[in-house]
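Here is what each chain is made of, one letter per residue.
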Amino acid sequence: MTSICLIRHGETDWNKEGILQGTNDTPLNSNGILQAHQCSEFLKNSQWDILATSPLQRAKQTAQIINNNHNISLIEVKKFMERHYGDAEGMTVEERNTKFPDQKYRDQEAWTDLQKRSMEGLYELHERFTNQKILLVSHGAVINAILATLSNGKIGTGKTVLRNTCMSHLHFDGKWSIENYNVVSHLSQYNDQENIVHY
């Protein structure tokens, strides 16, 4: 059985301010660094074989901090980069609502294209590291596209707000299954208010 733990990157200033990042290469802020360290600490007593990450620095920084407690091979996978939001990138919620009231952003990557490349990346990881345990640091839109695909739209895109450094666990044993998603019990900022969400 192949196991994958999907981890959203830590917080950035743009996350905090509600600015749409997309493919902009923004770094973690101090809270995002703390979140990554707490994620690393939570995972330190579990065994993982490989650590994959989006090449954008907010994901790479998160992955590198997590790897402090594992020291395993770290690979970058372009298919797990965040969705490109076209002309809406760099805008606040208010700016986006004003300029694009229908939420149709010019030149943004189609959701079906995002879904296709995200799932292709997932299957490629499985084929390359069959029966291994994989940590994968990526982005909200990518992880939600995967969750939406595997749940037939019950969770994920349009329904699930993923927290920074949340974890979602998948398994492949003949087919993909979701064990849980949006887990933030390792983060001190949520105390015990957020519980593991089983699917």
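For the structure, see preceding data.
Quantities reported herein were computed from a predicted structural model and do not represent experimental measurements.

Rules used throughout
Residue positions are given per chain, counted from 1 along the sequence in the order it is written. The model is predicted, so local features are restricted to residues of pLDDT at least 70 and side-chain atom pairs to those at 80 or more, both for listing and for counting; the totals for chains, interfaces and linings are taken over all residues. The side-chain values count all of the structure's non-hydrogen atoms but skip hydrogen atoms and water molecules. For helices the rule is a DSSP run of H or I covering at least 4 residues; for strands it is a run of E covering at least 2, with both sets numbered from the N terminus onward. Computation of the radius of gyration draws on C-alpha atoms, with the globule rule given as 2.2 Å multiplied by the number of residues to the power 0.38. Accessibility here uses a 1.4 Å probe with only protein chains present; expressed as a share of the type maximum, an area under 20% marks a residue as buried, one over 50% as exposed, and anything in between as partly exposed. Note on contacts: a residue pair qualifies if any of its non-hydrogen atoms lie within 4.5 Å across the two residues. Lys and Arg are tallied as positive, Asp and Glu as negative. Neither His nor the chain termini are counted. The rule for a salt bridge is simple: a side-chain nitrogen of Lys or Arg has to be within 4 Å of a carboxyl oxygen of Asp or Glu. Stacked, edge-to-face and tilted labels apply to pairs of Phe, Tyr and Trp rings (six-membered ring for Trp) whose centres lie within 6.5 Å, assigned for plane angles under 30 degrees, over 60, and everything in between, in that order. Put simply, a charge is over a ring when the Lys NZ or the Arg CZ is close to the ring centre, within 6 Å, and near the line of the ring normal, within 35 degrees. Structural elements are reduced to axes, namely lines fitted to C-alpha atoms, with helices fitted over the stretch in contact, and the angle between N-to-C directions of any two is expressed from 0 to 180 degrees. Oblique is the label for any angle not covered by the other classes, which are roughly parallel (under 35 degrees), roughly antiparallel (over 145) and roughly perpendicular (65 to 115). Put simply, a crossing is left-handed when the front helix is turned counterclockwise from the back one by less than a right angle, and right-handed when it is turned clockwise. Residue classes follow a fixed rule: Ala, Val, Leu, Ile, Met, Phe, Trp, Tyr, Cys and Pro count as nonpolar, while Asp, Glu, Lys and Arg count as charged, and any other residue, Gly among them, counts as polar. N or O atoms within 3.5 Å of each other form a polar contact, as long as, within protein, one can give a hydrogen and the other can take it, and as long as residues adjacent in sequence are counted only when both atoms are side-chain atoms. Between any two strands, pairing holds if DSSP finds at least two bridges. Nine residue types can take part in a nonpolar core, namely buried Ala, Val, Leu, Ile, Met, Phe, Trp, Tyr and Cys, and a core is a set of them joined through side-chain atoms within 4.5 Å.

Caption draft 1: Representation of the overall build of the protein. Across its full length, the protein carries six helices and seven strands. Counting helices and strands in the order they occur from the N terminus, the protein gives β-α-α-β-α-β-α-α-β-α-β-β-β. Computed over C-alpha atoms, the radius of gyration of the protein comes to 16 Å, within 12% of the 16 Å expected from 2.2 N^0.38 for 199 residues, which places it in the range of a compact globule. In terms of its C-alpha atoms, the protein occupies a principal-axis envelope of roughly 45 × 35 × 30 Å. Buried residues in the protein amount to 53% of all 199 residues. Considering only residue pairs separated by 6 or more positions, the protein has 67% of its internal contacts joining residues 24 or more positions apart.

Caption draft 2: How the structure looks around the side chain of R96. Within the fold, R96 resides in helix 4 (residues 93-99). There is no salt bridge for the buried R96, and the closest opposite charge comes from E95, which lies 6.9 Å off by N-O distance. Residue contacts for R96: discarding those within four places in its chain leaves G18, I19, L20, A88, M91, P101 and Y105.

Caption draft 3: Representation of the packing of aromatic side chains. Applying the stated criterion to the full structure yields five aromatic pairs. Ring pairing ties together the aromatic residues Y85, F100 and Y105, which thus form one cluster. If you follow K133 out to its NZ or CZ, it ends over the ring of W48, 4.5 Å from the centre.

Caption draft 4: Broad picture of the pattern of salt bridges. For the structure on display, the rule yields seven salt bridges. Here K60 makes a salt bridge to E76, at a shortest N to O gap of 3.4 Å. You can see K60 sitting in helix 3 (residues 57-66) and its partner E76 sitting in strand 3 (residues 74-76), a full 16 residues away along the chain. Connected through salt bridges with shared partners, the residues K79, K116, E120 and E124 form a single ionic network.

Caption draft 5: Spotlight on the packing of helix 2 (residues 30-43) against helix 3. Running from amino to carboxyl end, helix 2 crosses helix 3 at an angle of 40°, the nearest separation of the two axes being 8 Å. Overall, the two elements helix 2 and helix 3 adopt an arrangement that is oblique. Remark: the crossing between helix 2 and helix 3 carries right-handed chirality. For the pair helix 2 and helix 3, the contacting residues are I33, A36, H37, C39, S40 and L43 in the first and T62, I65 and I66 in the second. A breakdown of the residues in the contact of helix 2 with helix 3 according to their chemical character gives six nonpolar, three polar and no charged.

Caption draft 6: Inspection of the side chain of N164 at higher detail. Inspection of the secondary structure puts N164 in the loop between helix 6 (140-150) and strand 5 (167-172). Here N15 takes part through its side chain, which lies 3.3 Å from a polar atom of the side chain of N164.

Caption draft 7: How the structure looks around the pairing of strand 6 (residues 176-183). Summarising burial for strand 6: six of the eight residues are buried, a large majority. Pairing between strand 5 and strand 6: five bridges, direction antiparallel. When the bridges of strand 6 are listed, L170 appears paired with I178. Hairpin connection between strand 5 and strand 6: a loop of three residues separates the two successive antiparallel strands, and G174 in this loop has a positive phi of roughly 90°.

Caption draft 8: Here's a closer look at the nonpolar core. Within the largest apolar cluster, 38 residues are counted, with the highest numbers of intra-cluster contacts made by L125, I146 and L170. Those elements giving two or more residues to this core turn out to be strand 1 (2-8), strand 2 (50-53), helix 5 (111-128), strand 4 (133-138), helix 6, strand 5 and strand 6. Formed by 14 residues, the second largest nonpolar core is a distinct cluster that contains C39, W48, A59 and V137.

Caption draft 9: Geometry of the environment of P101. Following the sequence through the fold, P101 ends up in the loop between helix 4 and helix 5. Overall, P101 belongs to the exposed group, its relative accessible area being 64%. Separated by 97 residues in the primary sequence, P101 and I4 place their C-alpha atoms 37 Å from one another.

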